[in-house]
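The primary structure of each chain is shown beneath.
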Amino acid sequence: MTKDILIVGCGPVGRATLALLQARGTPVRVAQRSRPANLPEGVGFTQCDVLDAAAVRAAVDGAAQIVVAIGFDYSGKAWARMWPVAMRNLLDACAAAGARMVFLDNLYMYGPQHAPLLETMALSNQGRKPAARAQITRMWQADRRVKVAALRAPDFYGPGVRLSHLGDTGLAAIARGKAAIFLFSPDQPHDYAYVPDIGRAVVTLLDADDDAFGQAWHMPCAPTLSSRAILAIGARHAGAKLRLTVIPAWLLALLAPIVSFVSEMREMHFQWDRSYKVDASKWSQRFWSDVTPLEDGVAATIRSFAE
């Protein structure tokens, strides 16, 4: 079923997926609000706002499968308004086209947990962003018209990934010879997913039989380290000693009422004040587990930012 694939959203994961599909000669198209810079030759493009039902239906028409790798402004209010509309439009369009959907998801819908995250954990409504993710999860789970596989991944990192805790203020800063800045404790064990591995996992689901759909899958990650340890790997590959500025909790509390981004980040504090591990044994038993080691992924990321 990989004769005609539509990638909705050409950010880091969309680009990684696109590169793999194009390399093997799979016909692939991209849809988003504006044409991506440096869109590879031979890749079709359709202008599409996922909040516009007619535009989504027109973009999905003719696709056997779609990959949804979109994001909205990091705002609980925006997520509550936009995500249900986008999911409804995507589900309706896939139903009309008879297309399967691989949905790139995160792990917010589990809320605060102390055990490693499992696909069987109950959905949580604690917090605006977790509630928005839980709502759209219920939407695709209840829709019997469309085959959906959700790939749930923790924080990303990798070449070109800037909007991440390891991005602009992390590995990119280190590559530029600056101190890294971290908003939460950098010393808790925390799983990160390497974007090229996520792209590989998306393609794996595109290639999978229908029995892999109608469910969620956790993205496998390299063995867990603390964020400080990962940043130290980056500093070593940059030929420097790690310089790390950690924003204290009291300052975050002071800034939250007046800086909306800080307020939005603090809502997700439960991902950072304890060990945050992803149990991907379900994926590993069905597919593969040979993810990129952190040493290799961080080195490639530092090189990309240095260039």
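As the structure is a computational prediction, the values presented were derived from the model and not from experiment.

A. Structural view of the packing of aromatic side chains. By the definition in use, this model includes 14 aromatic pairs. A centroid spacing of 5.8 Å and a plane angle of 75 degrees characterise the contact between Trp 83 and Phe 103, whose relative ring orientation is edge-to-face. On the criterion of sequence distance, the pair formed by Trp 83 in helix H3 (residues 76–97) and Phe 103 in strand S5 (residues 100–105) is long-range, its members being 20 residues apart. Across the ring face of Trp 79, the terminal group of Arg 133 is positioned such that the distance to the ring centre comes to 5.1 Å. The aromatic ring of Trp 288 is capped on one face by Arg 200, whose charged end is 3.7 Å from the ring centroid.

B. Spatial organisation of helix H1 (residues 12–23). In this model, H1 (12 residues) spans 17 Å end to end at C-alpha, consistent with the 16 Å of a helix rising 1.5 Å per residue. Among all positions in H1, only Val 13, Gly 14, Ala 16, Thr 17, Leu 18 and Leu 21 are buried. On the buried face of H1, the contacting elements are strand S1 (5–8), strand S2 (28–32), strand S4 (65–68), S5, strand S7 (156–157) and helix H6 (195–207). A positive phi of about 85 degrees marks Gly 25, the residue just after H1.

C. The arrangement of the nonpolar core in detail. Counting 62 residues, the largest nonpolar core has Leu 18, Leu 151, Tyr 157, Leu 171, Ile 198 and Met 219 as the members making the most contacts within it. Looking at which element gives the most residues to this core, the answer is H6, with seven residues. In this structure, Tyr 157 is in contact with Leu 166, Leu 171, Tyr 192, Ala 193, Tyr 194, Val 195, Pro 293, Leu 294, Gly 297, Val 298 and Thr 301, ignoring residues within four places of it in sequence.

D. Up close: the environment of Met 268. Along the chain, the position of Met 268 falls in the loop between helix H9 (260–266) and helix H10 (281–286). The exposure class assigned to Met 268 is buried, which follows from its relative accessible area of 1%. Taking C-alpha positions, Met 268 is 8.4 Å from Lys 129, a pair spaced 139 residues apart along the chain. Contacts of Met 268, omitting those with residues within four sequence positions, involve Tyr 74, Tyr 108, Lys 129 and Pro 130.

E. Representation of unusual backbone geometry. Positioned with a positive phi, Asn 38 is a non-glycine residue whose angle comes to about 60 degrees. Accessibility expressed as a relative area gives 77% for Asn 38, which makes it exposed.

Definitions and limits used
- Residues numbered from 1 in each chain as written.
- Predicted model: local features only at pLDDT ≥ 70, side-chain atom pairs only at ≥ 80, totals over all residues.
- Heavy atoms only, no water.
- Phe/Tyr/Trp six-rings, centres within 6.5 Å; stacked < 30°, edge-to-face > 60°.
- Helix = DSSP H or I, 4+ residues; strand = E, 2+ residues; numbered from the N terminus.
- Lys NZ or Arg CZ within 6 Å of the ring centre and 35° of its normal.
- Expected span 1.5 Å × (residues − 1).
- Buried < 20%, exposed > 50% of the residue type's maximum accessible area, 1.4 Å probe, protein only.
- Contact = heavy atoms within 4.5 Å.
- Core = buried A, V, L, I, M, F, W, Y, C linked by side-chain atoms within 4.5 Å.

Such coordinate-based values are descriptive only and should not be taken to indicate function.
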